[in-house]
2 protein chains.
Amino acid sequence: MKKKTTIYDIAKELNITAATVSRALNDNPRISAETKKLVLEAATRLNYKQNRVAQALKSGKSKNVGVVLPYINRNFFSSVIRGIEEELNPKGYYVIISQTHEKENKEIDIVQNLLDAQVDGIIISVSRQTNSNKHFNQVLAKNVPLIFFDRKKEIPGTSSVTLDDFNGAYRATKHLLEQGCRKVAHMTIDLSLLIYQNRLGGYKKALAEYGIEFNPEYVIALQSEITAGKDAAKKLMELPEPPDAIFSATDLGALGAIQHLKEVGMNIPEDFCVVGFSNEPFTQFMELPISSVDQNPVLMGKTAAKVFLEQIDSEGVKIEKNVVLDPTLEIRTSSQKK
Amino acid sequence: MKKKTTIYDIAKELNITAATVSRALNDNPRISAETKKLVLEAATRLNYKQNRVAQALKSGKSKNVGVVLPYINRNFFSSVIRGIEEELNPKGYYVIISQTHEKENKEIDIVQNLLDAQVDGIIISVSRQTNSNKHFNQVLAKNVPLIFFDRKKEIPGTSSVTLDDFNGAYRATKHLLEQGCRKVAHMTIDLSLLIYQNRLGGYKKALAEYGIEFNPEYVIALQSEITAGKDAAKKLMELPEPPDAIFSATDLGALGAIQHLKEVGMNIPEDFCVVGFSNEPFTQFMELPISSVDQNPVLMGKTAAKVFLEQIDSEGVKIEKNVVLDPTLEIRTSSQKK
DNA sequence: TTGTACGCGTTATCAC
DNA sequence: GTGATAACGCGTACAA
């Protein structure tokens, strides 16, 4: 009910001026130990709380960081947010979340609104649709740190935290080769996207290392992540020379493939090995647990947050930092010949 | 680089006063159509953006809503956030996220910090540990709307959005009985928590309706959600009269049970039916898709957000609203005898 | 219809 | 070491 107490209230209480109170509260060196003590006492006694909004207006720093991503309720994204929050909260920053729903329009609106709201930084995974860089340049123009994660744009002055998709794919494929598989197929989604290009690249590199010739017939782009894995596996198995392993760029692709392979009586992992990508929670719950490349999303979030903090700390100096995280291969039954 | 343009800049531009500009921008009735037009023009021309912080300081409304929950990266919680964000964003509110990690201390800190940051409302799912109501009373004392979701506290002056656990459990159990099962067991977690009490209650009600006597031996409390389902199922199957169905209060419990049942050669759903609770994503991906009670988390979030908006709109009038959402039973193979 | 003046709570810059 | 004052950007009684 009552108004919150301000520095004026406590100034009045002690017959000093608000400025002095402010100094005492902010550990200003030019203040007597005694006044400081009195102020702090009075502050707790009157249950004083700093008004962060006033402070924000004065300083131009809101202590808010905007996080922008396509959808919150995907395991990968929510885990990234978790990492960001855990890193930023102890430093006194609040995390504001907005979803783009993969729409460029929404993304532009959101970014501009966040700027209006004076956020101290923006951490973003760009929407699939986004082509324009205009809104990002606005962020830069206001000198607000801009950090991309997972899906990035190459813009000078910005930073990024991404996954080494190439290496993840390389390891997954190499692992399949080490299991003795020699005809490894690859399921992908959309080769116009950088991450899938990189996963294809890593796959090829592993093949090359084992002196295996790349076979374009073994690469299939799925129409949807959800249902198409089964069909793709079917198509692969109907080839004159069917593969003996699949490295899928998504977990759902791997799941669909496994479903088909089981239906046609394939023994996994004895006759056929499968590895997915993302390490979605369900992969470990399956009757046949699925090997998968883990993206370390929580770490990615923490890293993005740290990059932001570095930018903030280095007043004026424009820092540009691009961190590439190393994925981890989680080996489970679906590819473990023993 | 440059400072952002303020109402003063545009006032100067037009040789009028900032007050007039402010009025024009805020659709104040007492303003000539022409000045208004000029102001709006100049505003877009100079790329003027309202400074929300200044506005917040002036009005006492930050347009921020705090969302407090145990962990962000759980499907249920992240889906609730999604609902909240989608409802609030179009109304110009920002969603600030904080995690309690199920710790009372953290929860108290977070709530107080949010109050300092002048949030216009708090939407919270309380931590398991929380006993004190002190921080909640502080929220009320400041006249900030407080809305609980999922896990609530009974505090006058607060609102809540929860799930009808009783009814969900009732439907799940009834469904099992309709499949012809007559010895339905129940796995639970912690009967000191209201939600699990209610799930037990719904289970009992369905039994009673079918004239089946409640058998305490058929109710097992799991030690952990993750691993204990298997053991519990084993224990149940070793009873002199083993059950022919399980209604589990968690999906992981159901999963563990199914794993054990398969191992001992049980045919599901022919010989044995299983239903879980929460409709976690993995339930539909299993080789044997698991029936489960869906909690409608996105709707829960949207509803909580709407309740908040109602509170805000009704100046002064203290509204107290308790919404109970109806869960949906997702019937899948694990319980579909057909 | 518009201008004047002040306050929201803080902090920084002068003075003393 | 402390006080007085201005300023951050906006909105609004009050006056004109």
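Parameters at a glance
- Residues numbered from 1 in each chain as written.
- Chains lettered and ligands numbered in written order.
- Predicted model: local features only at pLDDT ≥ 70, side-chain atom pairs only at ≥ 80, totals over all residues.
- Heavy atoms only, no water.
- Pairing = 2+ DSSP bridges.
- Helix = DSSP H or I, 4+ residues; strand = E, 2+ residues; numbered from the N terminus.
- Axes fitted to C-alpha atoms, helices over the stretch in contact; angles between N-to-C directions.
- Buried < 20%, exposed > 50% of the residue type's maximum accessible area, 1.4 Å probe, protein only.
- Disulfide = S-S within 2.5 Å.
- Least-squares fit on C-alpha atoms with pLDDT ≥ 70 in both.
- Contact = heavy atoms within 4.5 Å.
- Right-handed = clockwise from strand over helix to strand, strands pointing away.
- Core = buried A, V, L, I, M, F, W, Y, C linked by side-chain atoms within 4.5 Å.

Draft legend 1. Structural detail: the sheet that holds strand 4 (residues 146-149) of chain B. Read from one edge to the other, the open sheet built from twelve strands follows the order 11(A)-5(A)-4(A)-3(A)-1(A)-2(A)-2(B)-1(B)-3(B)-4(B)-5(B)-11(B), with strand pairing classed as mixed. Because the sheet does not close on itself, it has two edges, and the strands there are strand 11 (322-325) of chain A together with strand 11 (322-325) of chain B. On average, each strand axis in the sheet is inclined to that of its neighbour by 20°, with strand direction left out of account. Judged from the three bridges that link them, strand 3 (residues 121-124) of chain B and strand 4 of chain B form a sheet pairing that is parallel. Across the sheet, Ile122(B) pairs through a bridge with Leu146(B), a residue of strand 4 of chain B.

Draft legend 2. The environment of Leu38(A), seen in detail. All names here are of chain A. On the secondary structure map, Leu38 appears in helix 3 (residues 33-45). Of the residues examined, Leu38 reaches a relative accessible area of 37% and is grouped as partly exposed. For the pair Leu38 and Leu14, spaced 24 residues apart in the sequence, the C-alpha separation amounts to 7.9 Å.

Draft legend 3. Spatial organisation of the state of the cysteines. All names here are of chain B. Under the definition given, this model contains zero disulfides over all chains. No disulfide involves Cys181; its sulfur sits 3.9 Å from the nearest other cysteine sulfur, which is in Cys273. Cys273 gets classed as buried once you look at its relative accessible area, which sits at 0%.

Draft legend 4. Spatial organisation of the relation of the copies chain B and chain A. Note on the identical chains: chain B maps onto chain A by a rotation of 180° and an axial translation of 0.0 Å, with an RMSD of 0.1 Å. The symmetry that links the two subunits is that of a two-fold axis. Here 100% of the contact residues of chain B are again contact residues in chain A; the copies associate through an equivalent surface.

Draft legend 5. Quick look at the pairing of strand 1 (residues 64-69) of chain B. Residue and element names in this part refer to chain B. A large share of strand 1 lies buried, amounting to six of its six residues. What you see with strand 1 is no split at all: Asn64, Gly66 and Val68 on one side and Val65, Val67 and Leu69 on the other are buried throughout. Note: strand 1 against strand 2 (residues 94-99), six bridges, orientation parallel. Along strand 2, the bridge assignment pairs Val67 with Ile97. With helix 5 (residues 75-88) bridging strand 1 and the parallel strand 2, this β-α-β connection has right-handed handedness.

Draft legend 6. How the structure looks around the nonpolar core. If you look at the biggest cluster of nonpolar residues, it comprises 152 residues, and the most contacted ones within it are Leu88(A), Ile123(A), Leu88(B), Ile123(B), Val184(B), Phe247(B) and Phe308(B). Ranked by residues supplied to this core, first place goes to helix 13 (residues 297-313) of chain B with seven residues. Beyond its immediate sequence surroundings of up to four residues, Val184(B) is in contact with Thr173(B), Leu176(B), Leu177(B), Tyr203(B), Leu207(B), Tyr218(B), Asp244(B), Ala245(B) and Phe247(B). Core analysis: the next-biggest nonpolar cluster, separate from the first, contains 38 residues, Ala117(A), Ile96(B), Val126(B) and Phe136(B) among them.

Draft legend 7. Spotlight on the environment of Leu40(A). Looking at the secondary structure, you find Leu40(A) in helix 3. For the pair Leu40(A) and Ala24(A), spaced 16 residues apart in sequence, the C-alpha to C-alpha distance is 7.6 Å.

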